[in-house]
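# Observations on the model geometry
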Amino acid sequence: VWVSFVARLVVCTPNFRARPIVVFDFDQTLAVSTVVPAMLGDASQLAFGGSERVVMLGQLFAQLHSMDVAVAIVSFNSEETIQKALAEADLKIVAHDMIFGEQAFEQNADFSYSKAALITDRITAILPGGPPCRLLFVDDSLNNVHAVQQNVAGSTTMWIKKDRHSDPAKQKQGMTFAHCCQILKWAKAARASVAADS
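Notes on the structure in this doc start here. (Residues numbered from 1 in each chain as written. Predicted model: local features only at pLDDT ≥ 70, side-chain atom pairs only at ≥ 80, totals over all residues. Heavy atoms only, no water.)

### Observations concerning the overall build of the chain
For clarity, the threshold we go by: A run of H or I in DSSP becomes a helix once it reaches four residues, and a run of E becomes a strand once it reaches two; helices and strands are each numbered from the N terminus. For each residue, the accessible area found with a 1.4 Å probe, counting protein chains only, is set against the maximum for its type, and the residue is called buried under 20%, exposed over 50%, and partly exposed in between. We call two residues in contact when some of their heavy atoms are within 4.5 Å. All accessibility values rest on the Shrake-Rupley procedure with a 1.4 Å probe; residue burial counts only the protein chains present in the view.
Counting its regular elements, the chain contains nine helices and five strands. If you list the helices and strands of the chain from N to C, you get α-β-α-α-α-β-α-β-α-α-β-α-β-α. In the chain, which comprises 198 residues, the proportion classed as buried is 47%. Within the chain, counting contacts between residues at least 6 apart in sequence, those at least 24 apart form 66% of the total. Carbon and sulfur atoms form 54% of the exposed surface of the chain, whose accessible area is close to 9900 Å².

Below you can see the structure in the form of structure tokens.
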């Protein structure tokens, strides 16, 4: 089902100067939990929810790459933990210099420094064409989503709402197949918009 859906979305696009970008949170968004070093060693299962979900994420990012949509991760987790978890699951989805973890926030003396501020300072400012850009922000925190909506020009947001199942064992967290479909639809529309502006 996933492959047939992706096949309908793939479009051949030239390498336009202004690239859309998807900015992902890591914990409980790309990952299904808050990832800690103890999970490393079985990251595919413990961090990402199993092999089927790892394949889903890998195919999502392959399609974003084929559409020339940039990808970044902004998280309060450590960059080292994020990089190790991704590598262990063989998810080669984002360049290391586009992973912004707790270290990026610690470098700023302002203790109220937010994801929205980091996106503006460290991501949209360096994109070709500069802000406002076509940017999709994906996060499980409604506070972060609202902050990006209000403070990052040209942004669209997606809230990964937690499944509050009465049985914790059945509670689902992190991006689902439906979220991946929505992200690809956004990417296709963003690419078409960039082409129209060229």
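### Description of the packing of helix α7 (residues 115–123) against helix α8 (residues 142–151)
Selection rule: Note on method: axes are straight lines fitted to C-alpha atoms, helices fitted across the in-contact stretch only, with angles between N-to-C directions ranging 0 to 180 degrees. Orientation labels follow simple angle bins: below 35 degrees gives roughly parallel, above 145 gives roughly antiparallel, 65 to 115 gives roughly perpendicular, and whatever is left gives oblique. Residues are sorted three ways: Asp, Glu, Lys and Arg are charged, Ala, Val, Leu, Ile, Met, Phe, Trp, Tyr, Cys and Pro are nonpolar, and all the rest, Gly among them, are polar.
Two elements in contact, α7 and α8, have axes separated by 8 Å at closest approach and are oriented at 45 degrees. Looking at the two axes, α7 sits oblique to α8. Across the interface between the two elements, K115, A116, I119 and T120 from α7 touch N144, A147, V148 and N151 from α8. For the contact of α7 with α8, the per-class residue count stands at four nonpolar, three polar and one charged.

### Examining the nonpolar core
Rules: Among buried residues, the Ala, Val, Leu, Ile, Met, Phe, Trp, Tyr and Cys ones that are joined through side-chain atoms within 4.5 Å form a nonpolar core.
The biggest cluster of nonpolar side chains holds 58 residues, and the ones touching the most others in it are F24, F26, F48, L64, L86, M175 and I183. If sequence neighbours within four positions are ignored, M175 has contacts with F24, T29, L30, R53, M56, L57, L60, V138, I160, C180 and I183.

### Description of the pairing of strand β1 (residues 21–24)
Condition: Pairs of strands are assigned from DSSP output, requiring at least two bridges between the strands.
Judged by which residues are buried, β1 turns out to be covered on both faces: I21 and V23 on one side and V22 and F24 on the other are all buried. Both β1 and strand β2 (residues 70–74) contribute to a ladder of four bridges, which runs parallel. Bridged to V23 within β2 is A72.

### As for the pattern of salt bridges
Short version of the rule: Salt bridge criterion: a side-chain nitrogen from Lys or Arg within 4 Å of a carboxyl oxygen from Asp or Glu.
Throughout the structure, instances matching the rule amount to six salt bridges. Across the salt bridge formed by D68 and R19, the nearest N and O atoms sit 3.0 Å from each other. With a gap of 49 residues between them, D68 in the loop between α4 (51–66) and β2 and R19 in the loop between α1 (2–9) and β1 connect regions that are remote in the sequence. For D68, a relative accessible area of 15% puts it in the buried group. Given the relative accessible area of 30%, R19 is considered partly exposed. E80 is the partner of K84 in a salt bridge, and the nearest nitrogen-oxygen pair spans 2.9 Å. Of this pair, K84 and E80 both sit in helix α5 (residues 79–88), four residues apart, which is roughly one turn of the helix. Residue class for K84 comes out partly exposed when judged on its relative accessible area of 42%. By relative accessible area, E80 is classed as partly exposed at 48%. Taken together, the salt bridges that share partners define one network made up of R19, D68 and R191.

Keep in mind that these numbers describe shape and distance, not what the molecule does.
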